[in-house]
Amino acid sequence: MVTDLLIISIFPLAMAFAAAYDLFSMTLPNWISLALVAGFALLAPLVGIGWSAAGFQAALAFGALVVTFGMFSMGWIGGGDAKFFAATCLWLGPEQMLAYAVYAAVFGGALTVLLLLMRSLPLPATLYSQQWITRLHDSKEGVPYGIALAAAGLLVYPDTLFMAALGA
């Protein structure tokens with residue numbers, strides 16, 4: 001029962017915190033990625049993911065980190081996004097990583113288009129008091145890509161080994 005509670009809370013809460021934090025601050029703090037790694041280390045053995053499978057998932061997540069840090073070095077995404085993507089991949093495993101990357105790209109593209117459209121319109125004066133809205137509206141700011149990463153993670157999470165272990 002405790003394991004089931006952890007399965008339905010750790011990953012979804014991390015996704016929700018990441019999306020909200022990025023929306024309001026345009027940053028993704030390291031503690032969210034670290035919490036995902038720690039949660040994986042805690043839950044993987046409880047759901048039957050053995051050492052070799054966990055090691056393989058960790059190697060894939062490290063590969064994702066290398067690729068996303070390349071994207072970070074080119075200025076395409078933030079460093080927090082890169083770490084968050086890799087930590088999320090750790091939970092999803094090899095079966096869901098490609099779907100996650102595709103959904104994240106699609107959601108990220110849609111979010112970018114939405115922000116560009118929003119930024120092309122004047123911001124109503126009543127919203128200037130909301131710092132997070134003015135930051136989102138500022139064309140010099142980036143895109144809170146953590147929202148897209150979190151949405152994609154939540155979309156594929158039901159098909160993971162963790163959710164398959166619910167009630168087992």
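For the structure, check the block above.
Residues numbered from 1 in each chain as written. Predicted model: local features only at pLDDT ≥ 70, side-chain atom pairs only at ≥ 80, totals over all residues. Heavy atoms only, no water.

A. Molecular detail of the overall build of the protein. The secondary structure content of the protein amounts to eight helices and zero strands. Along the chain direction, N to C, the helices and strands of the protein fall in the order α-α-α-α-α-α-α-α. Taking 168 residues into account, the globule formula puts the C-alpha radius of gyration at 15 Å, and the protein, at 17 Å, falls close to it. Residues counted as buried form 39% of the 168 residues belonging to the protein. Counting contacts in the protein only where the partners sit at least 6 residues apart, residues at least 24 apart contribute 72% of the total. If the 4 positive side-chain charges of the protein are averaged to one point and the 7 negative ones to another, these points end up 16 Å apart. (Helix = DSSP H or I, 4+ residues; strand = E, 2+ residues; numbered from the N terminus. Rg over C-alpha atoms; globule rule 2.2 N^0.38 Å. Buried < 20%, exposed > 50% of the residue type's maximum accessible area, 1.4 Å probe, protein only. Contact = heavy atoms within 4.5 Å. Lys, Arg positive; Asp, Glu negative; His and termini not counted. Charge placed at Lys NZ, Arg CZ, Asp CG, Glu CD.)

B. Representation of the packing of helix α2 (residues 10–25) against helix α3 (residues 30–43) within the structure. The contact between α2 and α3 brings their axes to 10 Å, and the two run at 175°. For the element pair α2 / α3, the angle class is roughly antiparallel. On α3, the residues that touch Ile10, Phe11, Ala14, Met15, Phe17, Ala18 and Tyr21 of α2 are Trp31, Ile32, Leu36, Gly39, Leu42 and Leu43. The residue inventory of the contact of α2 with α3, partitioned by class, reads 12 nonpolar, one polar and no charged. (Axes fitted to C-alpha atoms, helices over the stretch in contact; angles between N-to-C directions. Parallel < 35°, antiparallel > 145°, perpendicular 65-115°, else oblique. Nonpolar A, V, L, I, M, F, W, Y, C, P; charged D, E, K, R; others polar.)

C. Main features of the nonpolar core. Judged by nonpolar contacts, the single largest core of 36 residues is most densely connected at Leu36, Phe40, Phe84, Trp91, Tyr100 and Phe162. Ignoring sequence-local partners within four residues, the contact set of phenylalanine 40 consists of Pro45, Ile49, Ala54, Gln57, Leu90, Trp91 and Phe162. (Core = buried A, V, L, I, M, F, W, Y, C linked by side-chain atoms within 4.5 Å.)

D. Looking closely at α2. Spanning 16 residues, α2 covers 22 Å between terminal C-alpha atoms, matching the ideal 22 Å at 1.5 Å per step. The secondary structure elements touched by the buried residues of α2 are α3, α5 (79–120) and α7 (146–156). Looking at the residues trailing α2, positive phi occurs at methionine 26, about 60°. (Expected span 1.5 Å × (residues − 1).)

E. How the structure looks around the side chain of threonine 88. Position of threonine 88 relative to the elements: it lies in helix α5. For threonine 88, a relative accessible area of 0% gives the class buried. Only 2.8 Å separates the side chain of threonine 88 from the backbone oxygen of phenylalanine 84, close enough to count as a polar contact. Residue contacts for threonine 88: discarding those within four places in its chain leaves Phe11, Met15, Leu36, Tyr100 and Gly153. (Polar contact = N/O pair within 3.5 Å; in protein donor to acceptor, adjacent residues only side chain to side chain.)

F. Fine view of the environment of aspartate 138. Relative to the elements of secondary structure, aspartate 138 occurs in the loop between α6 (131–137) and α7. Between the alpha carbons of aspartate 138 and arginine 119 there is a distance of 6.7 Å; along the sequence they are 19 residues apart.

G. Focus on the packing of α3 against α5. Relative orientation of the contacting elements α3 and α5 amounts to 15°, with a least axis distance of 9 Å. Taken as axis vectors, α3 and α5 run roughly parallel relative to one another. Two packed elements cross with a definite hand, and for α3 against α5 that hand is left-handed. Residues Asn30, Ile32, Ser33, Leu36, Val37, Gly39, Phe40 and Leu43 of α3 form the contact with α5, whose own contacting residues are Lys83, Phe84, Ala87, Thr88, Leu90 and Trp91. Here the residues of the contact of α3 with α5 sort into nine nonpolar, four polar and one charged. (Left-handed = near helix turned anticlockwise from the far one by under 90°.)

It is worth stressing that arrangement in space is one thing and function is another; only the former is reported here.
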